[in-house]
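Structural description and commentary
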Amino acid sequence: MTDAGVGRQAQRPRFPKTLGDLTDPSKCPSCFETYGAPGPSCPACGFTRDSAVISHLLDLGAQARGPLLARGEFIVAANEQARAKAHAARQDQLARAEQARLREEQQGRSQASDALLAADHARLLGGAAGHLGADAAPAPRQGQGQNTQQLGQHVPAPAQHQTPEPTETWATQRAPSGYQAPPAQHLPPTPPAQPPRPRR
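Notes on the structure follow. (Residues numbered from 1 in each chain as written. Predicted model: local features only at pLDDT ≥ 70, side-chain atom pairs only at ≥ 80, totals over all residues. Heavy atoms only, no water.)

**Quick notes on the overall build of the protein**
Within the protein, the secondary structure is distributed over three helices and zero strands. Ordered by position in the sequence, the α and β elements of the protein form the string α-α-α. When the 200 residues of the protein are sorted by exposure, 8% land in the buried category. For the protein, the proportion of contacts with a sequence separation of at least 24, taken over those separated by at least 6, is 38%. Of the roughly 17,300 Å² of accessible surface on the protein, 57% is carried by carbon and sulfur atoms. (Helix = DSSP H or I, 4+ residues; strand = E, 2+ residues; numbered from the N terminus. Buried < 20%, exposed > 50% of the residue type's maximum accessible area, 1.4 Å probe, protein only. Contact = heavy atoms within 4.5 Å. Areas by Shrake-Rupley, 256 points an atom, 1.4 Å probe, with all protein chains shown as cover.)

Encoded structure:
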């Protein structure tokens, strides 16, 4: 009886494609190829098919399967955690950028509003000053004309000064209350003095 694996040097063991291959008795524990036809060795790599050896390797495969599964699960969890952190960092960066944009936009609107209010205030002040100047300019002329006209209407013409006669003044001052002075007598005019005659 001949065997394809007899006289062939055993190959280096391979890593299983899946963790299920570690506990699968239908596959070679060295190359993890399916046995196919029965025989004393693996037809693919020539590894022995001794039942005691195969049983011990299957037990070791079962023991290695748990830690390898935990290792793989830890790698998956670490990758997911790293992706979550990266996503959170990107979201935080985007949120900060959006907040900065909103602040700049709000500041721009506030500055524009302040500029419009300042322009309106200046325009209102300018219009009020113009109205005040227009109203105040003719007021003195109108008031002055009215005052002059009123003064012209109410101020009486100056009376001519008349010097009272000495007799009338003395009689008025000396007469008692209720006394009526007789009419003043007009004396004849005094003739002018003659100039002195020259001596001979």
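**Let's talk about the pattern of salt bridges**
One pass over the full model with this rule turns up seven salt bridges. A salt bridge links E105 to R101; the nearest nitrogen and oxygen atoms lie 3.2 Å apart. Of this pair, E105 and R101 both sit in helix α1 (residues 51–136), four residues apart, roughly one helical turn. By relative accessible area, which is 36% here, E105 ends up partly exposed. Here R109 makes a salt bridge to E105, at a shortest N to O gap of 2.9 Å. Placement of both R109 and E105 in helix α1 is noted, with a separation of four residues, approximately one turn of the helix. Under the relative-accessibility criterion, R109 is labelled partly exposed at 45%. Beyond isolated ion pairs, a larger network of salt bridges with shared partners links E98, R101, E105 and R109. (Salt bridge = Lys/Arg side-chain N within 4 Å of Asp/Glu carboxyl O.)

**Remarks on the state of the cysteines**
Simply put, disulfide is the name for a covalent bond between the sulfur atoms of two cysteines. Under the criterion given, the structure shown has zero disulfides. Between C31, a cysteine without a disulfide, and C45, which holds the nearest cysteine sulfur, the sulfur-to-sulfur distance is 3.6 Å. Residue C45 is classed as buried on the basis of its relative accessible area of 1%. (Disulfide = S-S within 2.5 Å.)

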